[in-house]
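# Structure at a glance
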Amino acid sequence: MCLFIGVLPLSAQSSRSGEWRVERLLGSSQLSLESIRTLVVPAQPGAALLAAVEDFREVFALRYGVDLEIVTATESRPKSAIYLGDSGRVRCRAGDGSFSIHREGARVYVAADGERGLLNGVYALCSELLGARWYWAGDLGFELVGSARATFPEGFWREEPAFVQRTFYPVDGDFGRRNRLVGLYSFNHALAKVFSAELYEREPEVFSEVYGRRREPKGSAGMDAQPDFSEPRAVELAAEAALAAFEKNPEARSFSLSINDNVLFDDSEATQQLVEPVNYFRTRPNYTDLVFGFMNAVAERVFEEGGAWTTPSGQPRYLTALAYYWTEQSPSFQIHPRVMPVLTSDRAQWHDPEYRAGDKALIKRWADSGAERIATWDYYFGSPYIYPRQFNEWIAESLAFMSQNGVTVFFSQLPSSWGLDGGKAWLASELLWNPEQDADVLLDEYYTNFFGAAAAPIRGFYERAESHRNANEGTADWIKFYKDESGIELFDTEILLELRGLIESAKALVEDDARRLARVEVVSEAFSLTEAFAQSHAASSELVANSLAVLSESEGGAAASLPAQLIDFMSARTAFNQLSELLLKNPMHARLKHFTNFAKLDPVALSLAAMAHGGVSIPEADLLDYTGEVQIAQWWADSDDVFHSKSSNVELRHAAGESKPRNFLGPNLPKVKDWVLDFRPSEFLSVGAVDGDSGIRVTGADMFSIFRDVPVISEQRYLLDASLAYRISPDNRTHVSLSWSDRDGRSLGKEMLFRCPTGESYGTQRIVLPIRAPSQAYTLRVRFVVSRQYEGDYLDLERVNFGLIAK
């Protein structure tokens with residue numbers, strides 16, 4: 001919220017809402033800005049405030065040619081000065097991050113309750129008084145807007161942020177400070193820290209039993225099971241940990257008891273009694289009442305019994321808990337006022353009207369839950385997406401809606417690739433301070449000031465990418481296409497050419513404006529990675545499709561085309577890798593490493609088998625890194641005698657007897673000799689036979705896998721031969737994963753040599769993968785993974801054979 005009394009600041013006149021009125025001033029004449037000579041700072045300013053002061057000095061010098069002198073408040077009280085941390089003769093209310101600014105004669109006073117508010121006041125002066133903007137990180141992101149003001153604006157100026165916490169992770173430190181981003185509360189996955197390996201040795205009964213055994217923790221918030229929320233002693237231990245943390249750090253405002261980043265909940269009879277009858281939210285089991293019942297019990301001990309209501313300075317304390325995955329739904333009861341729920345949602349998915357309406361209703365239910373303060377964790381990525389993931393419309397609408405419904409703490413992941421993300425971080429920073437601002441006016445300012453003559457085509461680039469995503473991304477799901485290389489299929493050749501045309505038009509318009517041309521080049525360079533990966537992925541998809549057709553001996557297979565298709569893919573992949581290696585050295589693109597670093601499909605082995613099967617020559621000169629696989633494929637195609645199967649139950653026959661569920665969450669599972677079935681429970685998951693009592697058919701999966709471990713010999717030749725059928729929607733990541741380990745169980749790496757392409761197989765497809773065991777390999781885990789099945793999707797795994805290739 002903003003309150004301006006007197007003359008509105010520069011940008012407030014056009015884009016910022018607020019009430020104002022003229023009142024009697026404490027100085028009769030106006031203060032010339034270029035007459036200001038001194039900046040008075042508190043006696044012991046912190047590093048962030050000092051950095052803000054230095055930014056103000058630099059911008060002031062750019063505007064007025066005056067090098068301000070910095071003095072401390074204890075040295076003197078000069079005139080023609082700005083005083084930080086001094087309210088003069090006016091006393092005003094101050095809250096979290098708020099500040100006030102007014103003039104008394106030749107002195108300007110910036111008052112706040114603490115350095116955070118002072119820092120916000122300094123950057124308000126930079127922005128509203130001097131016209132400074134930091135639209136992107138780094139020197140290239142700085143711009144002065146408007147003309148220099150002659151006098152200090154009259155009246156009393158006070159601002160208070162709508163969101164007391166405004167955090168993007170990770171962001172450039174300078175960018176975050178300059179755009180008044182701040183973190184106050186801790187609420188990351190944290191139960192692994194409380195329920196530790198040391199505690200397990202003393203009190204194992206508070207740890208969960210999962211799938212029939214108690215899970216010993218390893219200190220990992222990602223891998224450790226949740227504690228047993230049905231166990232009263234777990235409440236006591238969590239309360240003790242919170243009270244100890246507040247004693248150790250008295251000014252801490254929060255203590256996180258957020259669930260670990262998995263769904264490994266206790267499945268003993270005691271927990272079953274608490275969660276049954278099981279209901280579902282967004283197709284996942286609803287464990288909100290279990291977890292937030294635990295939070296209420298802990299809060300009772302920490303606050304009512306422990307008295308830890310406030311910090312010594314009077315700030316309220318909270319226990320924080322992520323409303324995450326199985327705990328997204330609102331509780332059926334009121335929660336303790338000092339439990340802070342953190343609502344997790346990817347509001348880029350608000351393009352889906354049904355999801356948007358449901359998410360708004362969910363926010364309102366949490367607003368009525370009894371919580372004194374509500375937080376949100378959003379997903380504004382950014383990298384690891386390799387395309388411009390634009391959704392400014394939903395940023396503006398969701399922030400305004402959350403603010404209107406009592407959400408005041410904001411966190412989002414945003415590893416910003418400035419060329420692909422554009423004004424996303426700056427726009428959101430502005431709206432987090434005051435979500436009542438007009439986002440279109442802010443974007444007008446951003447494009448006009450930052451890109452000058454290129455404003456129209458650059459705005460067209462980002463807004464066309466946004467409208468295309470809105471129209472084509474489809475049914476909402478959890479962070480859709482996150483770390484999904486096939487997400488690039490969202491942008492076909494036609495839209496990529498259209499977007500490139502807008503960039504080239506922008507370049508032509510700023511040829512004589514070096515600074516703005518450099519910004520357009522950042523957009524162009526980042527988008528060149530989008531284009532390069534689109535080419536690589538298209539070549540891979542073409543190679544996979546033809547390889548499947550040749551191996552399955554289906555109509556349309558063209559074995560003679562495979563060598564050229566393979567060379568095209570290898571060239572496109574090399575071009576992408578070389579370009580990314582070059583561009584990622586630039587800090588403006590460095591965050592795109594989150595895309596380049598995650599594992600992607602390598603279709604070469606599949607294509608080698610297809611070429612050998614089709615009787616065409618393999619271009620060995622271009623495959624020096626695959627010499628072992630080339631030899632395996634050729635031997636296999638030349639003779640049936642070289643394959644020595646190491647598999648039993650090749651047809652995945654089910655054991656006699658009824659299918660049984662793993663636990664009370666279901667579903668019923670067949671017994672398949674030599675294979676292990678693993679999954680995340682979900683509302684519509686079904687696992688059965690493909691034909692009679694053989695094969696595995698999977699539908700409705702959130703995450704499912706069938707795997708087995710096989711002994712291998714270091715550097716030996718192997719071959720995987722499987723048959724399957726499928727229907728794959730966009731965002732479905734069904735694939736084959738090969739994980740190698742040594743004699744001591746240490747990982748030697750993981751490979752993805754096949755992924756089901758988007759679409760339907762229309763019958764059985766054969767995949768053949770020549771494999772060379774790495775040095776020191778002792779065990780190979782062969783895993784068929786099904787992830788994110790949409791309505792109508794299925795996997796039929798009909799047969800799997802694995803064996804040694806030897807003459």
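This section reports on the structure supplied with the text.

Rules and cut-offs
- Residues numbered from 1 in each chain as written.
- Predicted model: local features only at pLDDT ≥ 70, side-chain atom pairs only at ≥ 80, totals over all residues.
- Heavy atoms only, no water.
- Helix = DSSP H or I, 4+ residues; strand = E, 2+ residues; numbered from the N terminus.
- Buried < 20%, exposed > 50% of the residue type's maximum accessible area, 1.4 Å probe, protein only.
- Lys, Arg positive; Asp, Glu negative; His and termini not counted.
- Salt bridge = Lys/Arg side-chain N within 4 Å of Asp/Glu carboxyl O.
- Contact = heavy atoms within 4.5 Å.
- Pairing = 2+ DSSP bridges.
- Right-handed = clockwise from strand over helix to strand, strands pointing away.
- Axes fitted to C-alpha atoms, helices over the stretch in contact; angles between N-to-C directions.
- Phe/Tyr/Trp six-rings, centres within 6.5 Å; stacked < 30°, edge-to-face > 60°.

Next up on the list: the side chain of Asp228. Tracing the backbone through its elements, the reader meets Asp228 in the loop between β12 (213-214) and α6 (232-248). Buried charged residue Asp228 carries no salt bridge. Nearest counter-charge: Arg214, at 5.3 Å. When residues no more than four places from it in sequence are discounted, the contact partners of Asp228 are Glu205, Val206, Phe207, Ser208, Ala234, Asp266 and Thr271.

So, about the pairing of strand β2 (residues 38-41). The two faces of β2 match: Thr38 and Val40 on one face and Leu39 and Val41 on the other face are all buried. Where β2 lies against strand β3 (residues 69-72), four bridges are found, and the strand directions are parallel. Considered in β3, the bridge of Val41 is made with Thr72. A crossover connection joins β2 to the parallel β3 through helix α1 (residues 47-64); in handedness this β-α-β unit is right-handed.

What follows concerns the sheet that holds strand β18 (residues 374-379). Spatially, β10-β19-β18-β17-β16-β13 is the arrangement adopted by the six strands of the open sheet, whose pairing is parallel. Whereas interior strands pair on both sides, the edge strands pair on one side only; in this sheet they are β10 (165-169) and β13 (254-256). When strand polarity is set aside, the average angle formed by the axes of neighbouring strands in this sheet is 25 degrees. Pairing analysis gives six bridges linking β18 to strand β19 (residues 407-413), with the strands arranged parallel.

It is worth spelling out the packing of aromatic side chains at this point. Taken as a whole, this structure holds 55 aromatic pairs when the rule is applied. Residues Tyr385 and Tyr387 carry aromatic rings whose centres are separated by 5.7 Å and whose planes lie at 70 degrees to one another, so their mutual orientation is edge-to-face. Given the relative accessible area of 3%, Tyr387 is considered buried. On the numbers, 5.3 Å between centres and 15 degrees between planes, the contact of Tyr718 with Phe802 is stacked. Taken together, the residues span a long stretch of sequence, with Tyr718 in strand β27 (residues 717-728) and Phe802 in strand β33 (residues 794-805) at a distance of 84 residues. For the pair formed by Tyr718 and Phe802, the shared burial category is buried.

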